[in-house]
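An overview of the molecular structure
In case you want the letters, here they are:
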Amino acid sequence: MAARVRALETILTQKGLLDPAAIDVIVETYETRVGPRNGARVVAKAWSEPEFADWLKRDATAAIASLGYTGRQGEHMQAVFNMQDQHNMVVCTLCSCYPWSVLGLPPVWYKSPPYRSRAVIDPRGVLAEFGVTLPVETKIRVWDSTAELRYLVVPLRPAGTEGWSQEKLADLVTRDSMIGTGLAKEAA
Amino acid sequence: MNGAQDLGGQMGFGPVAPEKDEPIFHAEWEKRALGVTLAAGAMGHWNIDESRHTRESLHPVDYYSSSYYEIWIKALETLLKRHGFVTQGELLVGDSLGGTAKPKRVLKAEEVPAMLARGGPCDRPVRGPARFKAGDRIRTMNFHPTGHTRLPRYARDKVGVIDAVREGFVFPDTNAHGRGENPQWVYTVVFGGREIWGEGADPTLTISIDAWESYLEPA
């Protein structure tokens, strides 16, 4: 596959259809600037500021854009808040839709058949494979991203974090907790 | 289409295998695959729906035995051939052998940050009010188009409730095939697990999809 991609890049460059330096900038963007730290900051702010949390519920696209996170695969955002009695989990059964602007590029498992096939029919089984066991009475809501809305899960704020700074809180917010296949880390 | 991509509820793929401390890319070629796919898309000759439909049109054996970046590259080759930018002969030798269709634009490095920050919003004004409102009971259509659709098989001919009226979005079922954007209202529709999976479904489970208006009828 390496040779096949190189051939494609060569042909398109020879024909003047591709600027190889543009590829470098695209890669650098997703390696260094756009990743799950963006989403973690959104979540930490929502945990800390009730007005921001309300805004995030009503208009996630605008609330998230106010932190500077916009763009490709995050044009239309929806935030879904975990509650004590309901856990949210996001999947794209039809392809690999994922909120790039806040989480970066999706992990391989998110794009692969085991997750895409089972998240909707056996979410508890999937969660167990991530080491997460929810109480039997906790309701599970699975959001299949079949249109252009991109979902960000806001996990429950861990106990014992009262008065923490947003930077410190953001350290507890894992990528998986914002997909719904994990929970936020406990306060150390 | 009822293709390999429509995975919800299929069985036999084994456990999810999350990788600890997964790197953003697993090989150098994956970086180029991402970049070349985005840059070629920026030429403006196909839309995201045509891209998706090209990926899901891979033979199921090919689709299931390919990683996601491999799927992207295989579909990109098809798109580039379809739109007159490369030939099969060129792909075989790995060299340009002649002409090309004229691109609408070529993405330059300095334009990338703005292009990524802008994305490709697909909200559009819709003529006429939304047919449904939150709380309405609907039934999804039972159809099996040979072209592109975003109504998964598991959610066809099922009764659900409108959870939210979203916005007008480009309609993928026509847009993927060059038949226009035809924007429609999109709704988040929620189903009980039992409605979808029947006996034995997790009683605490609800599933939602985002559905275009023409996927729905009153129930």
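Residues numbered from 1 in each chain as written. Chains lettered and ligands numbered in written order. Predicted model: local features only at pLDDT ≥ 70, side-chain atom pairs only at ≥ 80, totals over all residues. Heavy atoms only, no water.

**Topic: the pattern of salt bridges**
Close approach of charged atoms lets side chains of opposite charge pair. Applying the stated criterion across every chain yields a total of 29 salt bridges over all chains. Its salt-bridge partner being Arg124 of chain A, residue Asp202 of chain B comes within 2.9 Å of it at the nearest N-O pair. Taken as a pair, Asp202 of chain B in the loop between helix H8 (193-197) and strand E4 (205-212) and Arg124 of chain A in helix H9 (residues 123-129) lie in two separate chains rather than in one. On the accessibility criterion, Arg124 of chain A (22% relative accessible area) is partly exposed. Each member of the salt-bridge network shares a partner with another, and the members are Arg37, Arg41, Glu167 and Asp171 of chain A. (Salt bridge = Lys/Arg side-chain N within 4 Å of Asp/Glu carboxyl O. Helix = DSSP H or I, 4+ residues; strand = E, 2+ residues; numbered from the N terminus. Buried < 20%, exposed > 50% of the residue type's maximum accessible area, 1.4 Å probe, protein only.)

**Description of the domain arrangement of chain B**
All names here are of chain B. When its domains are assigned, chain B resolves into domain 1 (28-118) and domain 2 (137-218). Relative to domain 2, the C-alpha centre of domain 1 lies at a distance of 29 Å. On the domain 2 side, the residues contacting the six residues of domain 1 number nine residues. Looking only at domain 1, the three residues that lose the most surface to domain 2 are Asp49, Arg52 and His53, adding up to 69% of its buried area. Our count for the domain 1 to domain 2 interface comes out at zero salt bridges. Our count for the contact surface shared by domain 1 and domain 2 stands at three residue pairs in polar contact (both at pLDDT 80 or more). The residue inventory of the side of domain 1 that touches domain 2, partitioned by class, reads no nonpolar, two polar and four charged. (Domains from an automatic or database assignment. Contact = heavy atoms within 4.5 Å. Buried area = accessible area lost by both parts, 1.4 Å probe. Polar contact = N/O pair within 3.5 Å; in protein donor to acceptor, adjacent residues only side chain to side chain. Nonpolar A, V, L, I, M, F, W, Y, C, P; charged D, E, K, R; others polar.)

**Some details on the side chain of Asn82 of chain A**
All names here are of chain A. Along the polypeptide, Asn82 turns up in the loop between strand E1 (77-81) and strand E2 (86-91). Only 2.8 Å separates the side chain of Asn82 from the backbone nitrogen of Asn88, close enough to count as a polar contact. Every residue in contact with Asn82, bar those within four places of it in the chain, is listed here: His87, Asn88, Val153, Val154, Pro155 and Leu156.

**With respect to the domain arrangement of chain A**
Partitioning chain A into domains gives domain 1 (1-33) and domain 2 (36-179). Domain 1 of chain A and domain 2 of chain A are separated by 31 Å when their C-alpha centres are compared.

**Here's the deal with the environment of Arg118 of chain B**
Following the sequence through the fold, Arg118 of chain B ends up in helix H6 (residues 112-118). Apart from residues no more than four positions distant in its own chain, Arg118 of chain B is found in contact with Gly71 and Glu75 of chain A.

**Observations concerning the packing of aromatic side chains**
For the structure on display, the rule yields 19 aromatic pairs over all chains. Taken together, a centroid distance of 5.9 Å and an interplanar angle of 65 degrees make the contact between Trp212 of chain B and Tyr215 of chain B edge-to-face. In terms of burial, Trp212 of chain B and Tyr215 of chain B fall into one category: buried. Taken together, the ring pairs in this structure connect Tyr30 and Trp100 of chain A together with Phe25, Tyr68, Tyr69 and Trp72 of chain B into an aromatic cluster. The cationic tip of Lys168 of chain A hangs over the ring face of Trp164 of chain A; the distance from NZ or CZ to the ring centre is 4.1 Å. (Phe/Tyr/Trp six-rings, centres within 6.5 Å; stacked < 30°, edge-to-face > 60°. Lys NZ or Arg CZ within 6 Å of the ring centre and 35° of its normal.)

**With respect to the nonpolar core**
Grouped together as the largest cluster of nonpolar side chains are 121 residues, with contacts concentrated most on Leu56, Ile64 and Tyr115 of chain A together with Leu34, Leu80, Val189 and Leu216 of chain B. Apart from residues no more than four positions distant in its own chain, Ile64 of chain A is found in contact with Val42, Leu56, Tyr69, Met77, Val102 and Leu152 of chain A. (Core = buried A, V, L, I, M, F, W, Y, C linked by side-chain atoms within 4.5 Å.)

**Focus: unusual backbone geometry**
Located in the positive-phi region is Gln73 of chain A, a residue other than glycine, with phi close to 55 degrees. One can find Gln73 of chain A in the loop between helix H5 (60-65) and E1. Backbone geometry places Asp21 of chain B, a non-glycine residue, at a positive phi of 50 degrees. Note on placement: Asp21 of chain B falls in the segment before helix H1 (28-41).

**What to know about the UniProt feature "binding site: Fe(3+)" (unreviewed entry) in chain A**
The residues that UniProt annotates with the feature "binding site: Fe(3+)" (unreviewed entry) are Cys92, Cys95, Ser96 and Cys97 of chain A. As for the annotated residues named above, the ones lining the largest pocket are Cys95, Ser96 and Cys97 of chain A. Within the fold, Cys92 of chain A resides in the loop between E2 and helix H6 (100-103). Residues contacting Cys92 of chain A, with those up to four places away along its chain left out, are Cys97, Tyr110, Arg116, Asp144 and Ser145 of chain A together with Arg150 of chain B. Inspection of the secondary structure puts Ser96 of chain A in the loop between E2 and H6. Each residue touching Ser96 of chain A, except ones within four places of it in the same chain, is listed here: Pro106, Tyr110 and Lys111 of chain A together with Tyr68 of chain B. (UniProt positions renumbered as here; feature names shortened; annotations may be inferred. 1 Å grid on protein atoms, 1.4 Å probe; cavity = no way out; pocket = protein on both sides within 12 Å on 5 of 7 lines; lining within 4 Å.)

**Re the UniProt feature "domain: Nitrile hydratase beta subunit" (unreviewed entry) in chain B**
Taken from the UniProt record, the annotation "domain: Nitrile hydratase beta subunit" (unreviewed entry) applies to residues 122-218 of chain B. As annotated, residues 122-218 of chain B has a helix share of 9% and a strand share of 36%, and its two end C-alpha atoms lie 26 Å apart.

**Considerations on the interface of chain A and chain B**
Each partner contributes to the interface: chain A provides 75 residues, whereas chain B provides 89 residues. Roughly 7000 Å² of surface becomes buried between chain A and chain B when both sides are summed, with 64% attributable to carbon and sulfur atoms. Of all residues in chain A, Lys15, Leu17 and Leu94 of chain A bury the most surface against chain B, accounting for 10% of the area lost on that side. Along the contact surface separating chain A from chain B lie eight salt bridges. Taking the shortest distance from any N to any O, the salt bridge between Glu90 of chain B and Lys15 of chain A comes out at 2.8 Å. Linking chain A with chain B are 39 residue pairs in polar contact (both at pLDDT 80 or more).

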